[in-house]
Amino acid sequence: REPTVSVGGIELKKYGRSAESTLRAEQTERRKARRRSYLSALMEHVQRYRDERAAINQNQRKLMKDAERFFQSKAREEERRKKREQLERLKALRENDEDQYLELLKNTKNERLLQLMKKTDEYLAQ
């Protein structure tokens, strides 16, 4: 019977050191290749994940900017409307157009001005 050597679960006939060292070198090389392949796949996955997250974050930033722009636009529009109404009230007041002034005043929902007008009307009625 010939002597055998078991290397990595493989039975080899013992022909010398060169066969054993060659087999171990091949096994080491296969392990290294599998590890390189695994690490390469892992790095590709990491890069794809980072790219996806960057795209999602960019989309979220765009949506937030759009929402901010929308609300700023609404606020500017509201401010312009209030200023226009105030100018209309002042114009009506300067022209002594009391009916138009009272109508504009009722639309403003300014309780203080409405109260002052009611008190003034009460005093004038007396």
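Refer to the structure above for everything that follows.
Note that this is a predicted model, so its numbers are computed, not measured.

A word on a negative patch on the surface. Residues Glu98, Asp99, Asp121 and Glu122 make up a contiguous surface patch of negative charge. Elements that contribute at least two residues to the negative patch include exactly helix H2 (98-108) and helix H3 (111-125). When you line up the elements, Asp99 lands in helix H2. Relative accessible area serves as the criterion here: at 63%, Asp99 is assigned to the exposed category.

This part covers the environment of Leu102. Inspection of the secondary structure assignment puts Leu102 in helix H2. Using a relative accessible area of 22% as the deciding quantity, one classes Leu102 as partly exposed. Along the primary structure Leu102 and Arg89 are separated by 13 residues, whereas in three dimensions their C-alpha atoms are 8.5 Å apart.

Attention now moves to the packing of aromatic side chains. Per the stated rule, a full pass over the model turns up 1 aromatic pair. Where Phe70 meets Phe71, the ring centres are 5.2 Å apart and the plane angle is 75°; that geometry is what we call edge-to-face. Using a relative accessible area of 46% as the deciding quantity, one classes Phe70 as partly exposed.

What follows deals with the pattern of salt bridges. Taken as a whole and judged by the stated rule, the model has 5 salt bridges. Asp66 is the salt-bridge partner of Arg69, the closest N and O atoms lying 3.2 Å from each other. Taken together, the positions of Arg69 and Asp66, both in helix H1 (residues 17-94) and 3 residues apart, correspond to about one turn of that helix. By relative accessible area, Asp66 is classed as partly exposed at 30%. Between Arg81 and Glu78 there is a salt bridge, with the nearest N and O atoms lying 2.2 Å from each other. In this pair, Arg81 and Glu78 both sit in helix H1, 3 residues apart, roughly one turn of the helix. Exposure remark for Glu78: the relative accessible area of 32% places this residue in the partly exposed category. Several salt bridges converge on common partners, so that one network encompasses Lys62, Asp66 and Arg69.

Next up on the list: H2. Listing the buried residues of H2 in full gives Tyr101, Leu104 and Leu105. Looking down the long axis of H2, one finds its buried residues gathered within 105° of arc, a one-sided arrangement. For H2, exposure combined with an orientation more than 90 degrees from the buried face picks out Asp99 and Lys106. A positive backbone phi angle near 60° is found at Lys109, which sits one or two residues after H2.

Turning our eyes to something else, we now look at a nonpolar patch on the surface. A contiguous nonpolar surface patch, about 280 Å² in accessible area, is contributed by Tyr38, Leu39 and Leu42. Note on placement: Tyr38 falls in helix H1.

The rules we used
Residues numbered from 1 in each chain as written. Predicted model: local features only at pLDDT ≥ 70, side-chain atom pairs only at ≥ 80, totals over all residues. Heavy atoms only, no water. Patch = residues over 30% accessible without salt bridge, like charges linked within 9 Å, V, L, I, M, F, W, Y side chains within 5 Å. Areas by Shrake-Rupley, 256 points an atom, 1.4 Å probe, with all protein chains shown as cover. Salt bridge = Lys/Arg side-chain N within 4 Å of Asp/Glu carboxyl O. Lys, Arg positive; Asp, Glu negative; His and termini not counted. Charge placed at Lys NZ, Arg CZ, Asp CG, Glu CD. Helix = DSSP H or I, 4+ residues; strand = E, 2+ residues; numbered from the N terminus. Buried < 20%, exposed > 50% of the residue type's maximum accessible area, 1.4 Å probe, protein only. Phe/Tyr/Trp six-rings, centres within 6.5 Å; stacked < 30°, edge-to-face > 60°. Arc of directions from axis to C-beta.

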